[in-house]
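The lines below spell out each chain.
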2 protein chains.
Amino acid sequence: MRTSIATVCLSGSLVPKLHACAEAGFDGVEIFEPDLVTAYESPEEIRTLADRLGLSLDLYQPFRDFEGVDEATFADNLRRAETKFQLMNRLGMDLVLVCSNVATATIDSDEVSARQLRALGELGASYGVRIAFEALAWGTYIDDYRRAWRIVERADHPNVGVCLDSFHILSRGHDPSDIEKIPGEKIFYLQLADAPALDMDVLSWSRHHRLFPGEGSFDLTGFLGHVLAAGYTGPLSLEVFNDVFRQTDVRRTAAHAHRSLVWLADQVRRPDTVPAGRPLTAVSPPEGFDFVELRGSGLDEADLVLEQLGFTFRGRHRTKPVRLWSSGRARVILNDQRGGEQPTHLAAFGLEVADASAALARARELDAPPVFRQTHAGEQDLPATASPDGTQILFSDKGPDPRWLDEFSYGDPERSDIARAIDHVNVTQRWQDFDEAVLFYQSVLGLDPEPAREVAGPRGLVRSQVMRTPDGCVRLPLNVEPQGEDHRTQHVAFSSDDVVGLARTARARGLSFLPVPDNYYDDLRARFGLDDAFLAELRSLDLLYDEDGAGGFVHFYTRTLGDVFFEFVERRGPYDGYGAADAPVRLAAQRATAR
Amino acid sequence: MRTSIATVCLSGSLVPKLHACAEAGFDGVEIFEPDLVTAYESPEEIRTLADRLGLSLDLYQPFRDFEGVDEATFADNLRRAETKFQLMNRLGMDLVLVCSNVATATIDSDEVSARQLRALGELGASYGVRIAFEALAWGTYIDDYRRAWRIVERADHPNVGVCLDSFHILSRGHDPSDIEKIPGEKIFYLQLADAPALDMDVLSWSRHHRLFPGEGSFDLTGFLGHVLAAGYTGPLSLEVFNDVFRQTDVRRTAAHAHRSLVWLADQVRRPDTVPAGRPLTAVSPPEGFDFVELRGSGLDEADLVLEQLGFTFRGRHRTKPVRLWSSGRARVILNDQRGGEQPTHLAAFGLEVADASAALARARELDAPPVFRQTHAGEQDLPATASPDGTQILFSDKGPDPRWLDEFSYGDPERSDIARAIDHVNVTQRWQDFDEAVLFYQSVLGLDPEPAREVAGPRGLVRSQVMRTPDGCVRLPLNVEPQGEDHRTQHVAFSSDDVVGLARTARARGLSFLPVPDNYYDDLRARFGLDDAFLAELRSLDLLYDEDGAGGFVHFYTRTLGDVFFEFVERRGPYDGYGAADAPVRLAAQRATAR
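What you see is a predicted model; the values in this text were computed from it and never measured. (Residues numbered from 1 in each chain as written. Chains lettered and ligands numbered in written order. Predicted model: local features only at pLDDT ≥ 70, side-chain atom pairs only at ≥ 80, totals over all residues. Heavy atoms only, no water.)

Colleague: Run through the side chain of B:His491, naming residues and quoting values.
Modeller: Residues and elements named next belong to chain B. With respect to the secondary-structure elements, His491 resides in strand β22 (residues 490–495). On the accessibility criterion, His491 (4% relative accessible area) is buried. At 2.7 Å, the side chain of His491 and the side chain of Glu567 are in polar contact. Here His491 is in contact with His424, Val425, Asn426, Tyr557, Val564, Phe565 and Glu567, once residues within four sequence places are set aside. (Helix = DSSP H or I, 4+ residues; strand = E, 2+ residues; numbered from the N terminus. Buried < 20%, exposed > 50% of the residue type's maximum accessible area, 1.4 Å probe, protein only. Polar contact = N/O pair within 3.5 Å; in protein donor to acceptor, adjacent residues only side chain to side chain. Contact = heavy atoms within 4.5 Å.)

Colleague: Residues and numbers for the relation of the copies chain A and chain B, please.
Modeller: Each copy of the sequence occupies a distinct position, and chain A is placed on chain B by a rotation of 180 degrees and an axial shift of 0.0 Å, giving an RMSD of 0.0 Å. Here the two chains are linked by the operation of a two-fold rotation axis. Closest approach to the rotation axis within chain A is made by the C-alpha atom of A:Met200, at a distance of 1.7 Å. In this assembly the copies share their binding face: 100% of the residues contributing to the interface of chain A also contribute to that of chain B. (Least-squares fit on C-alpha atoms with pLDDT ≥ 70 in both.)

Colleague: Lay out the sheet that holds strand β10 (residues 312–317) of chain B in plain terms, naming residues and giving numbers.
Modeller: Residue and element names in this part refer to chain B. Strand order across the open sheet formed by eight strands is β14-β15-β13-β9-β12-β11-β10-β16, with mixed pairing between neighbours. Two strands lie at the open edges of the sheet, namely β14 (384–386) and β16 (408–410), each paired on one side alone. Going from strand to strand, the sheet's axes swing by 30 degrees on average, the running direction of each strand aside. Summarising the sheet, β14 and strand β15 (residues 392–397) pair through three bridges and their orientation is antiparallel. Considered in β15, the bridge of Ala386 is made with Gln392. Helix α11 (residues 300–308) contacts β11 (322–327) and β12 (330–336) of the sheet and is inclined by roughly 20 degrees relative to β11. (Pairing = 2+ DSSP bridges. Axes fitted to C-alpha atoms, helices over the stretch in contact; angles between N-to-C directions.)

Colleague: Can you break down the UniProt feature "binding site: a divalent metal cation" (unreviewed entry) in chain A residue by residue, with the values?
Modeller: All names here are of chain A. Per the UniProt record, "binding site: a divalent metal cation" (unreviewed entry) is annotated on Glu134, Asp165, Gln191 and Glu239. Annotated residues spanning 106 residues; largest pairwise C-alpha distance 13.1 Å, indicating a single compact cluster. Tracing the backbone through its elements, the reader meets Glu134 in strand β5 (residues 130–134). Apart from residues no more than four positions distant in its own chain, Glu134 is found in contact with Leu97, Val98, Cys99, Ser100, Cys163, Leu164, Asp165, His168 and Gln191. As for its placement among the helices and strands, Asp165 is situated in strand β6 (residues 160–165). Its relative accessible area of 2% is what places Asp165 among the buried residues. With near-sequence residues (within four places) excluded, Asp165 lies in contact with Glu134, Gln191, Arg210, Phe223 and Glu239. (UniProt positions renumbered as here; feature names shortened; annotations may be inferred.)

Spelled out as structure tokens, the structure:
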């Protein structure tokens with residue numbers, strides 16, 4: 001199926017928007033009227049440009065407040081419409097979106113609205129223009145797609161059909177299955193938008209918080225299924241009003257938008273919906289973390305901390321300034337950026353998957369950027385891509401010890417009795433990357449979003465969402481960095497079955513723990529009624545503790561090394577969280593101890 | 001009355017918060033529990049510090065999910081409470097906030113809740129602690145202050161009273177007049193928060209969007225009147241959860257918060273509420289703009305543009321590198337910052353008021369910063385203050401031509417037939433200053449807020465609110481600058497009764513207009529059905545046009561000079577707007593022509 005996007009989704013002015021849409025791979029665009037009105041290029045110039053870029057101009061939008069009005073207003077509305085039809089002729093466009101009246105409607109009557117739409121259809125026919133009538137969720141009288149269709153049916157004009165917008169239907173909780181009762185050829189257009197589950201007035205929700213498919217809570221796969229079952233064959237188009245997307249790079253947003261449609265079309269799993277003509281390469285969710293890679297200029301402090309945490313030095317890479325530490329299945333690569341002043345940071349993580357080349361193929365099909373890493377003959381070349389925040393992701397085939405381990409030498413062997421692994425990798429996001437990251441991890445890696453939440457910090461509430469596999473073997477908490485922070489801090493959490501013992505040993509080796517305030521332990525006593533001995537042990541070791549209904553969680557943090565820090569966690573019983581209740585303590589302590 | 005503030009209103013950690021509250025002039029604070037839990041200082045250290053700063057510790061908050069529970073949970077809740085009472089003894093605090101249960105309540109019964117609160121009061125009495133019970137707007141069973149009072153009345157314990165929070169009452173639309181039925185001595189505490197009129201779930205509204213009094217839509221003056229009528233004599237305290245305030249400078253937010261309470265207490269106009277012991281100096285709204293002042297390094301381009309706009313050069317200042325242009329009552333001072341690279345920007349504006357020294361006195365009483373400007377003997381010394389964004393405001397006594405005009409010489413006399421004035425000054429705000437600016441202009445200058453609105457630009461919707469006098473002689477539209485813009489652009493709009501003629505003359509003199517796209521005029525024809533001759537005239541002169549129900553609006557913009565531009569407006573009939581429908585065109589044109 002063809003893909004399209006409304007220019008209102010993007011930032012800036014019309015010409016750069018058209019370029020970005022073409023580069024991203026869209027087949028067409030909806031022209032949002034203010035984008036044309038504020039452009040210096042004439043309609044003819046826009047038409048020529050779109051043609052040169054291979055973009056069809058699918059929908060002129062919107063024409064507002066047309067029907068349900070008295071005769072004098074109606075006459076003026078027809079006059080207004082005619083000027084727009086003339087404009088559309090200059091643009092070479094043949095489809096206009098007419099929204100249900102929100103401002104001037106005074107007559108609540110199917111008959112009047114149908115008659116007025118029929119007259120509009122008749123006028124449109126003389127200009128070769130078709131009318132796609134849409135029920136806005138906040139229409140004065142017409143706010144349900146089923147009523148809009150009833151009116152279109154009654155208007156009974158070949159130039160009058162409906163436009164369906166997932167937001168207007170799903171935000172109101174209207175049952176989308178009745179879409180299948182509309183003949184496909186009378187669905188003139190389809191607009192798709194996702195949205196987070198918010199309980200607010202639908203107009204503000206629509207204007208500020210729409211998201212691309214896969215980033216919110218709507219069941220768009222089911223929705224699209226109904227539209228296709230009705231026989232719709234027009235483009236899949238995006239209409240997403242979002243404050244973030246309208247402020248950020250137009251080319252990047254267009255690419256991100258296109259990914260959402262490719263993914264959604266594939267989700268429906270109908271051969272006719274696949275934009276590229278073939279389905280996406282199927283992958284199963286990742287089966288574990290292979291490693292994390294830190295980069296920085298000189299990583300001596302990281303060496304020290306890993307040793308204090310009981311990691312084993314596994315050796316140096318045979319050709320690169322890279323060294324490896326491991327503890328059970330938890331592997332940390334230190335990639336020394338000699339010279340320069342690069343702070344220690346999380347540069348990449350590896351994922352064990354059933355089929356690494358399939359994982360890469362899917363990433364490329366979803367326009368995730370390829371990453372080529374320096375390798376020499378005989379070294380394992382792990383397929384790689386980059387996430388929206390720039391962190392590299394490398395895929396390796398699941399199996400016993402990975403082959404790339406053999407590239408390291410002069411180190412010690414891993415002890416066989418260590419039951420440690422990477423529990424989660426916390427990837428802090430810039431505010432403008434967050435939604436894109438949710439889509440990326442869902443569509444490219446096949447991770448599922450946990451419900452979004454907020455954690456409290458010294459600078460207010462931090463938006464947080466965990467992307468994970470159903471079995472929890474890969475977990476990626478995404479947090480939004482607070483406004484005005486000048487750098488992002490990431491962290492890697494390792495699991496252990498004995499965090500208390502591990503902390504005791506690490507302390508004896510001189511590890512610098514993130515110091516936990518005494519007041520925290522007083523509060524812990526109040527919250528959970530812990531016994532004094534356990535509480536004293538937690539306190540003496542700077543350990544944090546949480547419980548959910550199912551189990552307990554003992555964890556601690558190291559001090560921050562550059563832009564990264566480590567955590568060790570012990571999940572007691574089926575505890576499935578991340579110690580969110582302790583986040584305020586961690587954030588405040590990090591702020592207090594920041595260098 | 002005493003003033004207090006919850007530490008959760010502010011950014012950062014507890015000790016700097018306490019310092020900021022003391023500096024801002026607060027008498028006390030509420031300790032928000034996570035601020036204590038995340039602090040490294042012991043409760044005893046916090047107590048000593050507060051004492052040294054002259055701050056009373058008024059309320060420990062909050063204790064959650066206490067009542068309406070089964071007996072086993074209740075026993076654990078009493079245990080939790082006792083640890084908090086012990087903590088409060090260490091802090092030297094005697095009042096705790098207990099919120100109505102939102103998580104663990106299973107019993108919807110006044111009798112059970114009253115009995116459990118009575119037991120809590122009895123336990124509290126043994127620690128010298130009193131209980132202030134508050135109905136949260138989203139309490140599971142108890143979400144109305146009237147029910148909370150009924151339960152407290154039934155609990156009938158001297159250590160159990162109510163806490164009233166304006167947000168929880170007004171957000172639900174509950175009638176606050178019933179507060180007067182509560183005996184004043186049973187109102188243990190009062191929390192004040194304003195909020196914008198939002199239609200969203202009350203929990204999110206409360207957690208993210210509360211404002212200080214005078215910044216939102218609640219009638220806090222009326223609310224406070226009811227509380228005082230009930231006989232409440234405790235502190236006026238602020239509890240404002242707001243994402244912006246929690247991210248910005250703690251000292252500035254504390255000062256801003258304190259101003260809101262001083263203003264609110266004065267609004268109530270009861271002698272017993274005035275924190276400083278005497279009412280604020282009363283002022284009437286300003287009666288007009290005296291002048292605007294631009295500063296920059298070299299202002300030759302401004303000279304040229306003002307001349308092209310028909311301004312008269314009135315001369316140079318006798319002692320300063322300052323020159324004056326005027327056109328009727330519109331006066332522009334150019335203050336040349338010789339040397340350096342300062343872009344031309346709006347530095348100050350003058351307001352004509354009934355009593356300039358009273359205006360300054362009020363500003364100082366509201367802790368607005370004083371501004372002292374360089375003057376020499378014999379020169380008029382205008383009282384001045386600075387707005388939150390740094391723009392200086394100078395007050396002059398309303399009268400015939402101001403005396404300071406005589407300080408300029410070697411210029412031309414103003415023509416007597418020019419009916420021009422300053423119509424409005426558009427002061428763009430950084431996102432973190434916006435709410436403070438609304439309060440500032442309301443409390444210090446006595447301007448009224450028009451309803452907030454949003455205008456569309458190439459980077460999305462821009463929040464906009466006009467502060468004005470009832471008669472419109474002073475209007476200050478405040479817009480939020482888009483995220484990521486590196487500088488703010490201000491503008492000054494002058495009024496004329498013949499903008500078409502003025503534009504024609506200016507064009508003949510070579511004025512560089514902000515160019516308006518042709519497509520705009522096609523749309524104008526569609527929208528208003530203007531006649532061709534008028535439309536052609538608008539088009540040829542880059543004029544913009546708007547209508548409201550009452551009249552028309554012709555206006556144009558100059559190109560931007562540094563960080564400022566000019567507008568000329570003609571209000572035809574009782575048109576009372578600012579051409580908001582044209583804002584997208586203006587913003588897009590400015591972006592397109594940015595140097």
